[in-house]
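Structural characterization, general
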Amino acid sequence: MKDEANRESNLVKIRERLDLTQKEVADALGVTEQTVRNWEHGRAVPKLTIPQMKALCRLLQCSIDEVPDYLGPSSSAPGTEKPGLAYPGM
């Protein structure tokens, strides 16, 4: 069985590193906390507008090129992380 750290989503890792809550992410993007939870658990794929993508980049303190292609659990989509978000512990 894979350990919990391997199943943790890319978004969770980044969000927790920046000390952000699901509510803060949801509020910044104009979505519900449940939507953010679904992204983090791989139950839904984000379909963001350009203004929402800009807000996400500001919130995550990164460029669009650094946003992972997949925000769900890392073990669900191996090899889809972009190298620009090599935060410590990821």
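Residues numbered from 1 in each chain as written. Predicted model: local features only at pLDDT ≥ 70, side-chain atom pairs only at ≥ 80, totals over all residues. Heavy atoms only, no water.

For the rest of this paragraph, the subject is unusual backbone geometry. Positive phi outside glycine occurs at Asp19, with the angle close to 60°. Mapped onto the fold, Asp19 is located in the loop between α2 (10-17) and α3 (22-29). Although it is not a glycine, Gln61 sits at a positive phi angle of roughly 55°. Considering the arrangement of structural elements, one finds Gln61 in the segment after α5 (50-60). (Helix = DSSP H or I, 4+ residues; strand = E, 2+ residues; numbered from the N terminus.)

All told, the structure shown has 2 salt bridges when counted by the stated rule. For Glu40, the salt bridge goes to Arg15, with nearest N and O atoms at 2.7 Å. Taken together, the positions of Glu40 in helix α4 (residues 33-40) and Arg15 in helix α2 put the pair 25 residues apart, joining distant regions of the chain. As far as burial versus exposure is concerned, Glu40 and Arg15 are alike and both buried. Note that Asp27 is salt-bridged to Lys23, the shortest N-O span being 3.0 Å. A residue pair is termed a helical-turn pair when its members lie 3 or 4 positions apart in one helix, as Asp27 and Lys23 do in helix α3 at 4 residues. (Salt bridge = Lys/Arg side-chain N within 4 Å of Asp/Glu carboxyl O. Buried < 20%, exposed > 50% of the residue type's maximum accessible area, 1.4 Å probe, protein only.)

Take the confidence of the model for the chain next. Averaged over all residues, the pLDDT of the chain is 79; the fraction at 70 or higher stands at 73%. Taking the mean pLDDT of every element in the chain, the minimum, 50, falls on helix α1 (residues 4-7) and the maximum, 97, on α3. A low-confidence stretch, residues 1-6 (pLDDT under 50), is modelled with 6 contacts involving residues beyond four sequence positions or located in other chains. Low pLDDT (under 50) marks residues 78-90, which in the prediction has 25 contacts with non-local residues, meaning those over four places away or in another chain. (pLDDT = per-residue confidence, 0-100. Contact = heavy atoms within 4.5 Å.)

Moving on, we come to the nonpolar core. Ranked by size, the top nonpolar core spans 17 residues in total, and within it Leu11, Leu20, Val25, Leu29, Val36 and Leu60 carry the most contacts. When contributions to this core are tallied by element, the ones reaching two or more residues are α2, α3, α4 and α5. Among the elements that take part in this core, α5 stands out by supplying 5 residues, more than any other. (Core = buried A, V, L, I, M, F, W, Y, C linked by side-chain atoms within 4.5 Å.)

Each full turn of the α-helix corresponds to 3.6 residues, which orients residues three or four apart in the same direction. All of the buried residues along α5 are Gln52, Ala55, Leu56, Cys57, Leu59 and Leu60. After α5 finishes, the residue Gln61 shows a positive phi value of roughly 55°.

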